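Examining the three-dimensional arrangement
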Amino acid sequence: MVSPVHIVSIGLITAFLLGLGKKSQQQMLVFVLMIATAAMTMVSGSWLIGLMTGSLKPTDVFTAGFKPPFAINLRMTMDEAVLTTMVNVFGFLTVIYLFDVLKKAGKHLLSIIVVFLIGLNVVVMTRDLFNLFVFLEITSIATAGLVIIIQDSKSISAGFKFLMASSVISGILLIGIIFAYSYVGNLNIDFMTNLSMVKGGAVAVFLVMTAIILESKQFPANGWALDMYESAHPAIGSALSAVSAPAILFVVYKLMPMVPENWHPVIGLLGLITFAFSNFLATRQENIRRMLGYSSVAQGGLMLTVVAMSVYFGQSFWFIILGFLLTNFFAKAGLFWLNGIVNSDDQNKWGILRKRPVLFFLFGVFVVAMAGLPPFPTFFAKWEMIMQLAQGNGWGWIVLILLGSIFEIAFLFKWFGRVFHAVKDQPAEPVIPWFKEFPVMLFGAGILATSYYFIKYQQFDNLFVLIPLLIVAAFVVIDFLPAFIKNILLIAALTFYGYIIYPEIKGNIMQLVFMSVFLVGGILTLIPGFATKGTRAGFYPFAAMTIFGLIMLVNPGDNLTFFMGWEQMALGSYILILRGKKAERPAQQYMLFSAGGAYLMLAAFGMLPHFAGDTFFGNLSGLIPGAGVVFVLFALGFMLKTAAIGLHIWLPGAYSEAEDDATPLVSGVLINAGVLGLFWIVTSFGPQQLFGYDIFQLMGWIGAITAIGGNMLAIYEEDMKRLIAYSSVGAMGYIIFALSMDSKLGLLIALYYMVLHFIYKTMLFMSAAGVIYRTKTRNMYEMGGLIKSMPWSFIVVLIGIITLAGMPPLAGFAGKWMFYNAVVMKGWYLQGTMVFFSGIVAFLYLYKLIASVFLGQLKDNHRRVKEAPFVYLLPQFIFVIAIMVLSIFPQVLLEPLATIIPDRVPGEAILWDGRLAMTSFGYWNAFAVMTTVIVMFATIFLWLTYHSRKAQKVKQFNIVFAAERPFRPETTHVSYNMFAGYKKALGWLMTPLATQFWTGISDWSTAIADKVRSWYTGNGQTYAMHLLLYAFVLYLLISGGKIL
Amino acid sequence: MEYLTLQNIGLVTGFMLMLIGLYGALTQKNILRIIVAFTIFDAGLNLVIVALSYIKGRVAPIIDQTTGVTNLSEKFVDPIPQALVLTSIVIGVGVTGVMLTFALRMFKTRHSLDINDFKQTKW
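Residues numbered from 1 in each chain as written. Chains lettered and ligands numbered in written order. Predicted model: local features only at pLDDT ≥ 70, side-chain atom pairs only at ≥ 80, totals over all residues.

**Comments concerning the overall build of chain B**
Within chain B one finds 4 helices and 0 strands. Reading the secondary structure of chain B in the N-to-C direction produces α-α-α-α. Here the C-alpha radius of gyration of chain B, 20 Å, is well above what a compact globule of 123 residues would show, namely 14 Å. Along the first, second and third principal axes, the C-alpha set of chain B runs to 60 × 35 × 25 Å. (Helix = DSSP H or I, 4+ residues; strand = E, 2+ residues; numbered from the N terminus. Rg over C-alpha atoms; globule rule 2.2 N^0.38 Å.)

**So, the overall build of chain A**
Counting secondary structure elements, chain A contains 40 helices and 7 strands. Here chain A has a C-alpha radius of gyration of 32 Å; the compact-globule value for 1044 residues is 31 Å, and the two agree. The principal-axis extents of the C-alpha atoms in chain A amount to approximately 115 × 65 × 55 Å. Buried positions account for 57% of the 1044 residues belonging to chain A. (Buried ≥ 20, exposed ≤ 12 C-beta atoms within 10 Å, placed from the backbone.)

**Looking at helix α14 (residues 317-342) of chain A**
Note: α-helices contain 3.6 residues per turn, so residues at a spacing of three or four share the same orientation. Under the 1.5 Å per step criterion, the end-to-end length of α14 of chain A is 37 Å for 26 residues, consistent within 8% with the ideal 38 Å. After α14 of chain A finishes, the residue N343 of chain A shows a positive phi value of roughly 60°. (Expected span 1.5 Å × (residues − 1).)

**So, the domain arrangement of chain A**
Looking at chain A, the domain boundaries give domain 1 (651-954) and domain 2 (997-1038). Of note, the centres of domain 1 of chain A and domain 2 of chain A, computed from C-alpha atoms alone, are 51 Å apart. (Domains from an automatic or database assignment.)

**Digging into helix α9 (residues 223-231) of chain A**
All names here are of chain A. The element α9 is largely enclosed, with a buried count of 9 among its 9 residues. Those residues of α9 lying buried are G223, W224, A225, L226, D227, M228, Y229, E230 and S231. Contacts from the buried residues of α9 go to α6 (129-147), α7 (153-184), α10 (234-255), α12 (288-308) and α40 (1020-1039). (Contact = placed C-beta atoms within 7 Å.)

**Side note on the environment of F438 of chain A**
When you line up the elements, F438 of chain A lands in helix α18 (residues 434-457). A sequence separation of 341 residues divides F438 of chain A from Y97 of chain A, and the C-alpha atoms of the two residues are 7.8 Å apart.

**Description of the interface of chain A and chain B**
Listed by partner, the interface residues are 34 residues for chain A and 31 residues for chain B. If you list the elements that add at least two residues to the side of chain A that touches chain B, you get α6, α7, α9 and α40 of chain A. Of the residues forming the side of chain A that touches chain B, the biggest block, 16 residues, is contributed by α7 of chain A. Residue composition of the side of chain A that touches chain B, by class: 16 nonpolar, 13 polar and 5 charged. (Nonpolar A, V, L, I, M, F, W, Y, C, P; charged D, E, K, R; others polar.)

**Let's talk about the packing of helix α26 (residues 650-657) of chain A against helix α30 (residues 720-740) of chain A**
For any two helices packed against each other, the geometry comes down to the angle between their axes and how far apart the axes lie. Residues and elements named next belong to chain A. Packing of α26 against α30 leaves a shortest axis separation of 8 Å and a crossing angle of 135°. When the axis of α26 is compared with that of α30, the two are oblique. Note that α26 runs across α30; the crossing there is right-handed. Where α26 approaches α30, its residues L651, P652, Y655 and S656 are matched on the opposing element by K721, R722, A725, Y726, S728 and V729. Across the contact of α26 with α30, the residue classes break down as 6 nonpolar, 2 polar and 2 charged. (Axes fitted to C-alpha atoms, helices over the stretch in contact; angles between N-to-C directions. Parallel < 35°, antiparallel > 145°, perpendicular 65-115°, else oblique. Left-handed = near helix turned anticlockwise from the far one by under 90°.)

**Here we look at the environment of V368 of chain A**
Residue and element names in this part refer to chain A. Considering the arrangement of structural elements, one finds V368 in helix α15 (residues 357-371). The buried category is assigned to V368, around which 25 C-beta atoms lie within 10 Å. It is 8.5 Å that separates the C-alpha atoms of V368 and L571, two residues lying 203 residues apart in sequence. Once residues lying within four places of it in the same chain are set aside, the contact partners of V368 are L373, F376 and L571.

**With respect to the confidence of the model for chain B**
Counting all residues, the mean pLDDT for chain B is 89, and 99% of those residues have values of 70 or more. Predicted complex, confidence summary: ipTM 0.96, pTM 0.94. (pLDDT = per-residue confidence, 0-100.)

**Some remarks on unusual backbone geometry**
The phi angle of most residues is negative, glycine excepted, and most peptide bonds adopt the trans form. All names here are of chain A. Cis rather than trans, the peptide bond between F219 and P220 has omega equal to 0°. In this structure, the amide linkage connecting P808 to the following residue, P809, adopts the cis form with an omega of 10°. You can see P809 is positioned in the loop between α32 (791-805) and α33 (812-826). You will see that F691, though not glycine, has its phi angle at about 50°, which is positive. Along the polypeptide, F691 turns up in the loop between β3 (689-690) and β4 (693-694).

**With respect to the pairing of strand β7 (residues 922-925) of chain A**
Residue and element names in this part refer to chain A. Of the pairings in the sheet, the one linking strand β6 (residues 916-919) to β7 comprises 4 bridges and is antiparallel in character. Each residue of the ladder has a partner; that of M918, found in β7, is Y923. The turn linking β6 back onto β7 is made up of 2 residues. (Pairing = 2+ DSSP bridges.)

**A closer look at the environment of T77 of chain A**
Residue and element names in this part refer to chain A. Inspection of the secondary structure assignment puts T77 in the loop between β2 (73-76) and α3 (78-97). The exposure class of T77 is partly exposed, given the 14 C-beta atoms found within 10 Å. Each C-alpha atom of the pair T77 and L48 lies 8.4 Å from the other, and the pair is 29 residues apart in sequence.

**Overview of the sheet that holds β7 of chain A**
Residue and element names in this part refer to chain A. Spatially, the 3 strands line up as an open sheet ordered β5-β6-β7, and their pairing is antiparallel. Each edge of the open sheet carries a strand with a single partner, namely β5 (911-913) and β7. Put simply, the sheet's adjacent strands are angled 25° from each other on average, direction ignored.

**Here we look at the packing of helix α25 (residues 628-641) of chain A against helix α28 (residues 672-685) of chain A**
Residues and elements named next belong to chain A. Two numbers describe how α25 lies on α28: the axes approach to 7 Å, and their chain directions differ by 160°. Taken together, the axes of α25 and α28 are roughly antiparallel relative to one another. The element α25 and its partner α28 pack so that their crossing is left-handed. Residues F631, F634, A635, F638, M639 and K641 of α25 pack against A673, G674, G677, L678, I681 and F685 of α28.

What follows is the structure, encoded as structure tokens:
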């Protein structure tokens, strides 16, 4: 086997050879460099493979014929093999990526690259402290050289700032090394583990460690690094982030054994502070390279935490660190390289990626991987890290991680959304040379392969996790096919999946109900897609991801699978929403609120084991004492999805701006994920207290206020989709209220209403999609009189709103009847009245919906409007049939639903006597009601028909217009500013408090971020000062003001 | 007076030089002066290294007729820091050289050597 020392020797020989070359041979020299880096990769790679397969043993290379500590030794174990392979592969790809630059640059630049790689390799392998210092210096000098590949004033001054900073750092390091030597008499790391015990030795450890921590660019002493990221060539930024930073962190790891154990948490916290703050400041960056710089620094902070706490994490350490390390390696490098391809720091210019589907897809993969969403390794690593920290009650740590993560999501997806929509005004087809694309693609493959192994390692390669992901991947591959083929395939895949999963869940009615909602809902909402022409690129993978994510929620078995499904569903639906024409901002809001909810849940998952061990949160026995905080975190997380009042501001935008035929999926179907979660926590936790308050009581109020608020907001909407969207807020308030009653009847209402809301809301949104498809507008005051041209859509809306309003004879009435019973039983009269009032408010907007769209005057430009396409109507009528069946035979659904509710839930249940439903307050017979209504209706109808048999038919314009012609006819439309009178009376209720609150939060954070980042003045001396201050503060933190 | 050994004088002088160097590097506005300050810092650092390894009454670790070949460990000062300091000096020179190169380039881009003129990247 080739000794690892040859990684260095190959590099050195190459550097000399390059020196001998002539200027005219530059291209050949680049190839020499390419071969050398390939050879270095092969040496370290063969060690990696050998160590993994067990054919090689970890080894030490001795130099100068002495054993340590008398001579320097290089070590090659699994750790070093991984890191040196990363460094060398990266070096090789950098040479390829920079091919055009290197061809023109002098041969010195080639040497600098080799020296940079040698430096990092030795920094990783050496066990000698002074040797470490020497090679850190070599790496620094080489880095300074690499920073000025682009020779402009920015990069040169950034390089100088870096040199100043590294001089200060190396001074601290060298003093530390010399003190260490004078205390223990040698320089070998492995012989220094007792250094801090020696009198004065702790100071030496402190100096060495501080220098390395400073070198790893921790906030806030990292201005020099940020300036370098901003001004250096993206390929170099990539190197700093993907290989330099990990190498330095590995040094921290090597040195940790000599660091006293009570310092570990201090260093760990420093890393997390960096993570949280750097991501926070990144949200304010417009310049992509600087933003990536902040993000790299943040990732470095997170990894520092893991490394510093390696003893604490124990068995999980490797899993966590590899998750972060590899993701950062592949994804960050990929993003920097894409920056080089786009060749602009302006987000809008990134639109050219949209012209290259593969690159754009990889861009998305990198962003999602960085953001820590499934199925990428960071997701699992973050989960494991939080679980471990929670076990040790490290709540403050968890808060920092989650804060940092949400900021990370904020800027990453703001960027992604901008690029997604920046496709306009782009030059036709960008010319991208193969050697720029190749490394990106390789790293894209790398992150995907890593994810696969992470999933496999955790034994998620099963029917519920891996298979759906593979289906999603398959849809990515066949994305070039026409939309209708993919539509057929996805429907077929879902049907088949339902067929094979049915035996697994048929015994569990709860799962069956939710699975039907998600699977059938998914399939039915896909059907209108047949009306789409073209390929509809990018829709199907994410539709599949959303639906399969939802399916994962139903039968998770453990908390991680549930959370994974939850995040997948959030990601998929985010993309579906983002696809809408004006959806950039709404989608961003949706993502932020989703992530916020998910992180609250993540914290709850972390706390849960303290109360319930490893049990899945939906399977608890109920009545777990003292878990109020966990319950509240879960409830908030789920209520973000169901858009409880105050947390609802994302909903109208997200639902209305999504593509019209995607809205039913992301609204009517997806919102039930929140209901599922709420139902689970209510049943499995039981009544909980928070600071002595009954949480169910609180939830009941939230539900009632949400019901009123959502409906009030709906009545003033001019936009058809926003109106229906706000109505969802109201409906969810109703469900939250029903759940919080925590009675048999209450929970039954919630489940029943969930199914019903799913049916009518999906139906209404589809119908709206059909109308919008034909009329090309969402404003209801631009419509009218469509009943003649779209009678079928009219019928659907009519059925939908009667159901929603809860009027007999349709299925909604069953809910209302149970509701009266439940409220009276519970004695929540005030809240109950509010919810009833909200039902009356609902009449107003339902009337508006049907009257202004279908009744009244037909608009001139809609004279030729046809009925909605058949594929739109088909699923709607399937839903209509379902409603009709439920209206006549509600027990078909209600009886099985009642069996789901656990026995511990108090209260009276419904007794069924054939078709008669009974409670102690009364009875109700849906069949009889239906029959009565039909008979009444038929009688009146026949009488009217008979009575008006001589009436004259009047066409639209066969009337007399009075007064003058209005200047803007649409303002005279009945639905324009409809209910203005109510607005005058109750408008004060509608003060957009929630919007103001969230805008305030956003403004405040912007202002704070701007204040904080003004710390980075751009002056090299200030940065050097920061380093010294940081060291000083760190000393105070560690020593507590005493002499070490 | 017992503290006034050669080693302590060396250490104190070394640390003083380091502080002077740092002070200069943080307060001088002229880039060349900053570089000079860093070389002073380096010199102080190297002096500290040498002083730490100094043992009173011993000689440099070079074998010649005066030292003989026996009991060398009792005659010599610690040779390792002596060797390290050489490396450190070399690195110091290297870094100074690179910094001077940067100073030259910076002057060429903006015709100024005032560090405050090079704040294009910030926040």
